[in-house]
Amino acid sequence: MAERLSTHAATLARQANTASWIAIGALVLNAAAVLGALFLFYRQRVVNPLATLNRNLSDLVAGKAGVTIGHQQDDSEIGEVARSMESYRRMVDAADRQRWVKSCVNEMAESLQVEGTLSAFADRLLSKLVPLLGGGFGAFHVRRLDERFYLTSCYGGSSSRAETGVVTDAGLIWQAALERKPIVLSNLPPDYVRICSGLGQSPPKVLAVIPLVSQDHVLAVVEVATFADLLEQQLALLHDVAAMAAMKLEVLQRNLRTKELLAFQRALLESIP
């Protein structure tokens, strides 16, 4: 009996030892599974978002265009960081737009000298403004003493629209003058105007009609036709250019009237015996 008891005790000991190793293995596997789940969760919720935000921040610092900030909808600290970065991105974009607009306006102001003729003034204005708006057609209509608008200069377009001296008594020119604010129209009819080049002709998509207003008086109206919708910074450029060009044009017209009066007075004096 003692021998049987000893054998049974040894068997139980072996079974207990095996059960212990099985329990230890189960604990190890369970710990590995928990650690793996935590690693995957940490990677998906922390590591990957942080890596994405780091790339976004690097692109912002490098000044790359079209940067989008991800993980803004996350209800966590990562989401708070992403939303703060988005606010910073908007501020940077707004500052870049303002800097671009100011630079373009200053460059155009330097080119629009107050000395010269109305046609030269209109030519310089259109040659600078139309490319900045991505356009292919531009027209400058000046208001004369008879309160009618005359086509003074044309950029691109067909030859019929390029003939200066044409009187505009109605339509968008007068509407923009009455409202004293820019009019932007999309989906133009194909026969409105055709933009011409050595490679062919094509109708524009958007038309902007901009009055040049000084002291509540419309001095001229500018037309610009483009192939694509105007961006926010381009609309801001139109507003600032209109104010600057109106001031320059008013000075030019005053100088031209002064020259005409001086020439008239000189002619009168020379005609007196």
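Note that the coordinates shown come from a computational prediction; the quantities given were computed from them, not determined experimentally.

J.: Explain a nonpolar patch on the surface to me, please; I cannot follow it from the model alone.
T.: Taken together, the side chains of Trp-21, Ile-24 and Val-28 present a nonpolar region at the surface, about 340 Å² in accessible area. Relative to the helices and strands, Val-28 is located in helix 1 (residues 2-62). According to the relative accessible area criterion, Val-28 is exposed, its value standing at 51%.

J.: Just checking my understanding: could you explain the nonpolar core for this structure?
T.: Nonpolar side chains in soluble globular proteins tend to end up buried together. Leu-125, Leu-129, Phe-140, Leu-212, Val-222, Leu-237 and Leu-249 are the most contacted members of the largest nonpolar core, which totals 32 residues. Examining the composition of this core, we find that 9 residues originate from one element, helix 6 (residues 232-271), more than from any other. Ala-139, Ile-183, Leu-188 and Val-218 belong to the second largest nonpolar core, which has 14 residues in total.

J.: Please clarify how the side chain of Gln-253 should be interpreted in this entry.
T.: Within the fold, Gln-253 resides in helix 6. Filtering out sequence-adjacent residues up to four positions away, Gln-253 remains in contact with Leu-118, Val-142, Arg-143 and Leu-219.

J.: Explain helix 5 (residues 172-179) to me, please; I cannot follow it from the model alone.
T.: Three or four residues apart is the spacing at which side chains of an α-helix point the same way, because the helix has 3.6 residues per turn. Among the residues of helix 5, Ile-173, Ala-176 and Ala-177 are the ones counted as buried. The buried residues of helix 5 occupy one face: seen down the axis, they fall within an arc of 100°. Immediately downstream of helix 5, the backbone of Arg-180 shows phi near 55°, a positive value.

J.: What am I meant to see in the pattern of salt bridges here?
T.: As a working rule, side chains carrying opposite charge can pair if their charged atoms are close by. Counted according to the given criterion, the structure contains 11 salt bridges. Arg-254 serves as the salt-bridge partner of Glu-250, at 3.7 Å between the closest nitrogen and oxygen. Within this pair, Glu-250 and its partner Arg-254 are both found in helix 6, separated by 4 residues, close to a single helical turn. We classify Arg-254 as partly exposed; its relative accessible area is 40%.

J.: Can you help me understand the packing of helix 3 (residues 118-132) against helix 6 in this one?
T.: Packed helix pairs are characterised by how far apart their axes lie and by the angle those axes make with each other. One can describe the packing of helix 3 onto helix 6 by two numbers: an axis separation of 11 Å at closest approach and a directional angle of 170°. By the angle between their axes, helix 3 is roughly antiparallel relative to helix 6. Where helix 3 abuts helix 6, its residues Leu-118, Phe-121, Leu-125, Leu-129 and Leu-132 lie against Gln-234, Leu-237, Leu-238, Val-241, Ala-245, Lys-248, Leu-249, Leu-252, Gln-253 and Leu-256. For the contact of helix 3 with helix 6, a count of residues per class yields 12 nonpolar, 2 polar and 1 charged.

Analysis parameters
- Residues numbered from 1 in each chain as written.
- Predicted model: local features only at pLDDT ≥ 70, side-chain atom pairs only at ≥ 80, totals over all residues.
- Heavy atoms only, no water.
- Patch = residues over 30% accessible without salt bridge, like charges linked within 9 Å, V, L, I, M, F, W, Y side chains within 5 Å.
- Areas by Shrake-Rupley, 256 points an atom, 1.4 Å probe, with all protein chains shown as cover.
- Salt bridge = Lys/Arg side-chain N within 4 Å of Asp/Glu carboxyl O.
- Helix = DSSP H or I, 4+ residues; strand = E, 2+ residues; numbered from the N terminus.
- Buried < 20%, exposed > 50% of the residue type's maximum accessible area, 1.4 Å probe, protein only.
- Core = buried A, V, L, I, M, F, W, Y, C linked by side-chain atoms within 4.5 Å.
- Contact = heavy atoms within 4.5 Å.
- Arc of directions from axis to C-beta.
- Axes fitted to C-alpha atoms, helices over the stretch in contact; angles between N-to-C directions.
- Parallel < 35°, antiparallel > 145°, perpendicular 65-115°, else oblique.
- Nonpolar A, V, L, I, M, F, W, Y, C, P; charged D, E, K, R; others polar.

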